[in-house]
Amino acid sequence: MDPGSRKTFDRSFTAVGYFSIALMAAALVVLLMPIFAKGSGAFVFRGTVENRRLMLEKFGRGDRAAIEAEKAAAAAARAPVYEAIARFEAALDTADAEDRRGYRSDFREVRELVAELLGPAPGRQTPVLIRDQYGQTRWDRASVVLHRILYVEDYDYSDATKMGVKVATPRVERFRGTALEPLFGVLERDARAMLRPRTTFYWRFLFDQSFDAHIFGGIWPELLGTFYLAVGAMLFAVPLGIVAAIYLAEYAGESAFVSMLRTCISSLAGVPSIVFGLFGLAFFINTLRVSPSKSVLAGSLTLALLILPTVIRASEEAIKSVPVAYKEAAMSLGASRWRSIVTVILPAALPGVLTSVIISMGRAAGETAPIIFTAAVSVGKPLAIWQTLSQPTPALPWNIYNLATEHEAVDEIRHVQYGMVLTLVVLVLLLNLAAIVLRARVSKKLRG
Amino acid sequence: MSRMKHTIAITLAAVVLVAGLFGAGPAAAQANRIIIDGSTTVGPIAKAFAEYYMQKNPGVNVTVSESGSGNGAKALVNGMCDIADMSRFMKDEEFKAAVAKGVFPVAHVVAVDGIAIIVHPSNPVTGLTVEQVRDIYTGKITSWKQLGGPDVKIVLISRDTNSGTYESFEELVMNKAKIVATAEYVGSNGAIRQRVQSTPAAIGYVGLGFADRTVKALKINNVAPDNATVSSGVYPVARPLYMFTNGYPKLGSHLHAFITLYLGPKGQEIVEEIGFVPVTKY
């Protein structure tokens, strides 16, 4: 190869390298930006008076007197709405049968929407579901409901060759000239006074229990469940993994059996996580019966199996990379093999081992498939530590999936789902960061 | 070699010991917790009941998983849950497997549900007959044009075969005909709704409580699915929703109090608020 083309080749190789790094960075930004932007909506949002009422009644937070005053002010602003409804109802009672029938379903829809926006009408019996006991707690959601009250969304099917086109007509047209007409104007004008939105910083989202299947409240059961599962997996995987790594690096030698063992461990690392999940169900729960139902214990054991190969291989590499001179020096001073491993080699390998452990912990926290059948539930209380032996728990990765696909009120509680995603991503990022920092500090200390 | 045998023996002993330690635990039935697994259709009812029950009894932990009726039945048979939510009745083989394991399933009908056939709201079609729905899902009808809509190919969405809603749909609508291979199978009611919400040409089917305003529930044989038509049996694609327990729960236990919630006015209000049809009316 002549120097000219070699240079070109070199340059284009570098260019491809830069390009791929830039692509990766861009992908990361594209991925993380929406996660942070949307996820922060769970923590910082425009909370309405309904939100403050919820916080007071369910969590005992806030200044009771101030909230009562605010409720009274909101009620005063809402009075015209309920007045219009009452007047229309009274007029309907005296109207002829046909009119009444004609208005019935439209009027019911308006009343239901108003209840959705502002909560149950005064004087009504308290609904049994918590989601019906409060109006919209977030201004962004309230605006959506308000728009639905003011405009009827319909579809225009006149073009038979295409699917219908969405058209929004003001709902007030339907009630023009009736006692209900003022309601729409009042709502449009005074919605802010009725709900009193105010910027709310809800950091307790992380530590609050959830109400009514995640519709209100925070994600503490999920966060705690994730923590239990990840720590539990570590408790099982780390001692076993490190002992296995010591065996492989220091005792095993190079027989055919050992190389087969290594191949097995490597292939184990490549097994899809759902297979581990099914194995965990069949082995830990149905065969060994470690717990009577799904449980944190069974989930931790399954996750431990999943991360064990990574811990073993990374720890083995770390142990092997300790200079032989260390061991020789220890031995020459009369230390036994075991003693030289425990006092000299392991401490020197510690940064590598720790990194692998912490990164595996991040993996365990984020895995969904292994816990579907062994540990995770959609709804449950935060567990006390001894309950983890026998009870299942909600956990972030599973509940994100559950809220994204299965929940009956998906669209209303997107912010909770995004908040969970943000929490999980930050959790894993923090763990990885901790791994880097810890590694740097420990190796600095070891170098003296 | 004898050293290796030694090692293996010790390992085995350790495994047996650990297994013995945990294995002694009793079956799922325990005083202050209720574990519920199964149907994604019954899920919202179970979750709302759980919320209500835990408020009244703060010391009790009720957990709910939504993994499909088939998985619920399996979990009950294996003693892994106290209540199996199911949107269909138990099958022969499930009963046999249960009895063989000493589990005796008792059915509690907690609500009635219409299977709503849903399309995108922009779809001009407002009603179909049961036969037309069947023809769509067998692949005989492939375009909305054949049903009075625009010339757009129909996108078929179905539940997975683990689902009770799938089995009910097969029984009530398909009448043993096979669903065409182009259908797309998804894992939950919510997932079907999302696919239909975002796909103008799609058709799918969900439990009544999942048919909200973001999708359009079609009239079937000229009957719209609602509370009245489902409970009276006029709407043709309706079925009961079950919770199965192992035997009738011990009177006075939390499980008994929980499983009888649906009989009281509060329970029925919950069922109705979520969008399903209570079995009886107070």
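Everything discussed here concerns the structure shown above.
Residues numbered from 1 in each chain as written. Chains lettered and ligands numbered in written order. Predicted model: local features only at pLDDT ≥ 70, side-chain atom pairs only at ≥ 80, totals over all residues. Heavy atoms only, no water.

1. A short note on the packing of aromatic side chains
Residues and elements named next belong to chain A.
Part 1 of the argument: Counted according to the given criterion, the structure contains 28 aromatic pairs over all chains.
Part 2 of the argument: Ring centres of Phe 207 and Trp 220 lie 5.6 Å apart, and the angle between their planes is 55°; this geometry places the pair in the tilted category. You can see Phe 207 sitting in the loop between strand 4 (198-201) and strand 5 (210-211) and its partner Trp 220 sitting in helix 8 (residues 220-251), a full 13 residues away along the chain.
Part 3 of the argument: Take Phe 207: its relative accessible area is 43%, and that puts it in the partly exposed class.
Part 4 of the argument: With relative accessibility at 27%, the residue Trp 220 sits in the partly exposed group.
Part 5 of the argument: Taken together, the ring pairs connect Phe 88, Tyr 103, Phe 107, Phe 175 and Phe 184 into an aromatic cluster.
Part 6 of the argument: It is Lys 58 that lies over the ring of Phe 211; its NZ or CZ is 5.8 Å from the centre.
Part 7 of the argument: Its end group placed over the ring of Phe 45, Arg 138 keeps NZ or CZ at 4.4 Å from the ring centre. (Phe/Tyr/Trp six-rings, centres within 6.5 Å; stacked < 30°, edge-to-face > 60°. Helix = DSSP H or I, 4+ residues; strand = E, 2+ residues; numbered from the N terminus. Buried < 20%, exposed > 50% of the residue type's maximum accessible area, 1.4 Å probe, protein only. Lys NZ or Arg CZ within 6 Å of the ring centre and 35° of its normal.)

2. Some details on the nonpolar core
Part 1 of the argument: Ranked by size, the top nonpolar core spans 76 residues in total, and within it Tyr 137, Ile 203 and Phe 258 of chain B carry the most contacts.
Part 2 of the argument: Ignoring sequence-local partners within four residues, the contact set of Phe 258 of chain B consists of Ile 34, Ile 36, Ala 46, Phe 49, Ala 50, Tyr 53, Val 62, Ile 83 and Met 243 of chain B.
Part 3 of the argument: One finds Ile 246, Val 353, Val 357 and Ile 358 of chain A within the second-largest nonpolar core, a separate group that totals 43 residues. (Core = buried A, V, L, I, M, F, W, Y, C linked by side-chain atoms within 4.5 Å. Contact = heavy atoms within 4.5 Å.)

3. As for the interface of chain A and chain B
Part 1 of the argument: Listed by partner, the interface residues are 51 residues for chain A and 59 residues for chain B.
Part 2 of the argument: Between chain A and chain B the total buried area reaches about 4200 Å² when both faces are included, carbon and sulfur atoms providing 55% of it.
Part 3 of the argument: Our count for the chain A to chain B interface comes out at one salt bridge.
Part 4 of the argument: The partner of Glu 408 of chain A in a salt bridge is Lys 47 of chain B, and the shortest N-O contact between them spans 3.4 Å.
Part 5 of the argument: Taken together, the connections running from chain A to chain B amount to 24 residue pairs in polar contact (both at pLDDT 80 or more).
Part 6 of the argument: At the level of secondary structure, the elements contributing two or more residues to the side of chain A that touches chain B comprise helix 5 (130-133), strand 5, helix 10 (273-287) and helix 15 (396-405) of chain A.
Part 7 of the argument: The dominant element in the side of chain A that touches chain B, judged by the number of residues it contributes, is helix 15 of chain A, at four residues.
Part 8 of the argument: Here the residues of the side of chain A that touches chain B sort into 27 nonpolar, twelve polar and twelve charged. (Buried area = accessible area lost by both parts, 1.4 Å probe. Salt bridge = Lys/Arg side-chain N within 4 Å of Asp/Glu carboxyl O. Polar contact = N/O pair within 3.5 Å; in protein donor to acceptor, adjacent residues only side chain to side chain. Nonpolar A, V, L, I, M, F, W, Y, C, P; charged D, E, K, R; others polar.)

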